[in-house]
Amino acid sequence: MDSAPRAMSLAVHLSSTRTRGATPFAPVNRAKQSRVAYQRVSTRASRRIATLVRVVPLKKCCAFSQSPSRRSATRARATAAAPRDADDANKIILALGVAMLLASADRTIFAAAALSLKAELGMSMKDLALAQSAFLWGYGVTQLAAGASSDRFGGAKVLLGGLCVWSIAVAVTPLSSMTTAPVLAVVAARFLFGAASGCALPASAAAVAAHVPAERRSGALSTIFALFNIGSAFGLAAAGSLITQFGWRAIFYGFGAFGAAWAIAAYAAMPQSVKTFVPRVPKVSELKDENGEQMTELSSEVATQLVALLWCHVVVNWGFMILQSWLPVYLANDLGMSIASSGILGALPWVFTAFMSFSSGQVADKLISRGMERWKVRRLAMNIATIGPALGLFALKYTTTASVALACIVATLGLQAVAVAGYHSYLQDVAPSRAGAILGFTNTVGVVGSIVANMVTGASVEATGSFQATFLYTAAMYASSCFVWNAFLKGEQLFP
């Protein structure tokens, strides 16, 4: 409000300065001098005001001329905008979190129902492994396309659309028993489920980036991924109890119907910013590195580190998928638990996993704030995420007690979740401009590793009758990942 008077005062000062700087012996016409000074003040003030009008937003200019009552109303509306934005963000986080919970739960209900489905459809362990792998084939095929679609159409819309499709795939899985080729029908349903749920991780990240304020994104992501891990516990606990009461078909119908209903209801409740999402098109300068060029060649050192990162990610996916896909089967097959008890007890490790994935990042940030080098924090996290599971799985090979086995599984799954503060954060440190591309590539290869893991596990259990061999070679893989990380990944910058 004081800009115009300051501009006029400045103009008067400049005018008087120029007047004082005139030749002292020249005759002075006071009237003419006053008229010139006034014209200069008017001209400069007008120009200054015009500049302010162009720069200051219209709403602010209007507020200057408002009456006190209207000005108070304007401030009230501005203050109310923040809660509305917060409410919109909370709606989006809730919708995404439940969708991610269902994405994980829908995977584990198949594992909980696997033995019942195997017995009724006459499937072998190899057939069961094929059905487990079909999900991963679909999941791996659509990840890159899902990421691009999320950036273009909006992550929230893509995720809720994917939820609706994969829920239909889950609901129709029991209908495979009515076909002439039930095993093939199960495999097809699992592939569709995997293909539709391939959008879960990239769509969640894109939605948070687009619709959640920067200062809330870390909390939003940790909440969403914690719910993702809780989904495994929820799916196993619910499936184990419901299957014994209503049969394995009911769990697929129930989860499928709820998922589709949530997708529709959540989209209807989404704010307009989601429904009318317009993608941000990056400038050309933002697509280049600090030198304005794209890297076309890799040095041998960079290539070695990329291969090391690739192997570590394959091991992370391998161990996680074996435990997520086969844990209820192991508890029932090797330890003799019932389907209900194996489902409930199998849910406990995932609760601890959710806690560890949520808290490990907090601890890592505190260590860095206290002066510990970033790459050493990442190394510490990866040592925990590899040595811990290796010891837990090695112990599982020699235990036959249910309580000890469950403790080993809880430790294995919880400690491997610390990789969130290791592998994923390390990419942000050493390759910020290409972290997404590297993660997309290594995760795609990691999905292939998960497919192989399921196939090998099914064949091994079929041949030996137990999971002991599976736990032993998986423990060896975790140990090799620890060695590779410590030998080759020491914080060197890969890309700007």
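Residues numbered from 1 in each chain as written. Predicted model: local features only at pLDDT ≥ 70, side-chain atom pairs only at ≥ 80, totals over all residues. Heavy atoms only, no water.

### Quick look at a nonpolar patch on the surface
Consideration 1: A cluster of nonpolar side chains, namely Ile168, Val172, Leu175, Met178 and Tyr253, defines an oily patch on the protein surface of about 470 Å² accessible area.
Consideration 2: If you trace the backbone, Tyr253 turns up in helix 10 (residues 248–269). (Patch = residues over 30% accessible without salt bridge, like charges linked within 9 Å, V, L, I, M, F, W, Y side chains within 5 Å. Areas by Shrake-Rupley, 256 points an atom, 1.4 Å probe, with all protein chains shown as cover. Salt bridge = Lys/Arg side-chain N within 4 Å of Asp/Glu carboxyl O. Helix = DSSP H or I, 4+ residues; strand = E, 2+ residues; numbered from the N terminus.)

### Focus on the packing of helix 5 (residues 125–153) against helix 12 (residues 300–333)
Consideration 1: Following both chains from N to C, one finds helix 5 and helix 12 inclined at 140 degrees, their axes separated by 12 Å at the closest point. If you check the angle between helix 5 and helix 12, you find them oblique. Pair helix 5 / helix 12 crosses with right-handed handedness. Contact residues: helix 5 offers Met125, Leu128, Ala129, Gln132 and Leu136, while helix 12 offers Met321, Ser325, Trp326 and Val329.
Consideration 2: Of the residues contributing to the contact of helix 5 with helix 12, the split by class is seven nonpolar, two polar and no charged. (Axes fitted to C-alpha atoms, helices over the stretch in contact; angles between N-to-C directions. Parallel < 35°, antiparallel > 145°, perpendicular 65-115°, else oblique. Left-handed = near helix turned anticlockwise from the far one by under 90°. Contact = heavy atoms within 4.5 Å. Nonpolar A, V, L, I, M, F, W, Y, C, P; charged D, E, K, R; others polar.)

### Here's the deal with the packing of helix 12 against helix 15 (residues 402–416)
Consideration 1: Close contact between helix 12 and helix 15 brings their axes to 11 Å; oriented N to C, the two are set at 165 degrees. Overall, the two elements helix 12 and helix 15 adopt an arrangement that is roughly antiparallel. Regarding helix 12 and helix 15, the two cross each other, and that crossing is left-handed. Of the residues in helix 15, those touching helix 12 at Phe320, Leu323, Leu327, Tyr330 and Leu331 are Ala405, Ile409, Thr412, Leu413 and Gln416.
Consideration 2: Among the residues making up the contact of helix 12 with helix 15, the classes are represented as eight nonpolar, two polar and no charged.

### Comments concerning the side chain of Thr474
Consideration 1: Of note, Thr474 is situated in helix 18 (residues 468–488).
Consideration 2: Taking the relative accessible area as the measure of exposure, Thr474 reaches 3% and is therefore buried.
Consideration 3: Look past the residues within four positions of Thr474 in its chain and what remains in contact with it is Trp318, Gly319, Ile322 and Leu393. (Buried < 20%, exposed > 50% of the residue type's maximum accessible area, 1.4 Å probe, protein only.)

### Looking at the packing of aromatic side chains
Consideration 1: All told, the structure shown has 14 aromatic pairs when counted by the stated rule.
Consideration 2: Aromatic pair Tyr330 and Phe471: ring centres 5.0 Å apart, planes at 80 degrees, arrangement edge-to-face. Remark: Phe471 occurs in helix 18 and Tyr330 occurs in helix 12; sequence separation between them is 141 residues.
Consideration 3: Judged by its relative accessible area of 3%, Tyr330 is buried.
Consideration 4: Plain terms: the ring middles of Phe352 and Phe355 are 6.4 Å apart, the flat faces sit at 25 degrees to each other, and that makes the pair stacked. Of this pair, Phe352 and Phe355 both sit in helix 13 (residues 339–369), three residues apart, which is roughly one turn of that helix.
Consideration 5: Aromatic rings pair up to connect Trp326, Tyr330, Phe467 and Phe471 into one cluster.
Consideration 6: Cation over ring: Lys275 sits above Tyr267, and NZ or CZ is 5.7 Å from the ring centre. (Phe/Tyr/Trp six-rings, centres within 6.5 Å; stacked < 30°, edge-to-face > 60°. Lys NZ or Arg CZ within 6 Å of the ring centre and 35° of its normal.)

### Side note on the environment of Val183
Consideration 1: Inspection of the secondary structure assignment puts Val183 in helix 7 (residues 182–197).
Consideration 2: Residue Val183 is classed as partly exposed on the basis of its relative accessible area, which comes to 21%.
Consideration 3: Separated by 59 residues in the primary sequence, Val183 and Ser124 have C-alpha atoms spaced 9.8 Å apart.
Consideration 4: What Val183 contacts, discounting residues up to four positions off in sequence, is Met123 and Asp127.

### Here we look at the environment of Gly361
Consideration 1: Inspection of the secondary structure assignment puts Gly361 in helix 13.
Consideration 2: For Gly361, a relative accessible area of 25% translates into the label partly exposed.
Consideration 3: In this structure the C-alpha to C-alpha distance between Gly361 and Val420, which are 59 residues apart in sequence, comes to 7.0 Å.

### Some thoughts on the confidence of the model for the protein
Consideration 1: With 73% of its residues at a pLDDT of 70 or more, the protein shows a mean pLDDT of 76.
Consideration 2: Predicted confidence in the protein is weakest over helix 3 (residues 58–64), with a mean pLDDT of 37, and strongest over helix 18, with 94.
Consideration 3: Contacts from residues 45–83, a stretch scored under 50 in pLDDT, to residues over four places away or in other chains number 13 contacts. (pLDDT = per-residue confidence, 0-100.)

### Concerning empty space enclosed by the protein
Consideration 1: Under the criterion given, the structure shown has five cavities of 30 Å³ or more.
Consideration 2: Its boundaries defined by the atoms lining it, the largest cavity holds a volume of some 50 Å³.
Consideration 3: Taken together, the residues of the lining of the largest cavity break down into four nonpolar, four polar and two charged. (1 Å grid on protein atoms, 1.4 Å probe; cavity = no way out; pocket = protein on both sides within 12 Å on 5 of 7 lines; lining within 4 Å. Points joined across faces, edges and corners; volume = space filled by probe spheres on them.)

### Quick word on helix 6 (residues 155–172)
Consideration 1: The first and last C-alpha atoms of helix 6 sit 26 Å apart over 18 residues, in line with the 26 Å expected at 1.5 Å per residue.
Consideration 2: For helix 6, every residue scored as buried is listed here: Gly155, Ala156, Val158, Leu159, Leu160, Gly162, Leu163, Trp166, Ser167, Ala169 and Val170. (Expected span 1.5 Å × (residues − 1).)

### Concerning the nonpolar core
Consideration 1: Grouped together as the largest cluster of nonpolar side chains are 91 residues, with contacts concentrated most on Leu159, Trp166, Phe252, Tyr330 and Leu396.
Consideration 2: In contact with Tyr330, other than residues within four places in its own chain, are Leu335, Leu396, Ala405, Ile409, Phe467 and Phe471.
Consideration 3: Core analysis: the next-biggest nonpolar cluster, separate from the first, contains 27 residues, Ala417, Ala419, Tyr423 and Leu494 among them. (Core = buried A, V, L, I, M, F, W, Y, C linked by side-chain atoms within 4.5 Å.)

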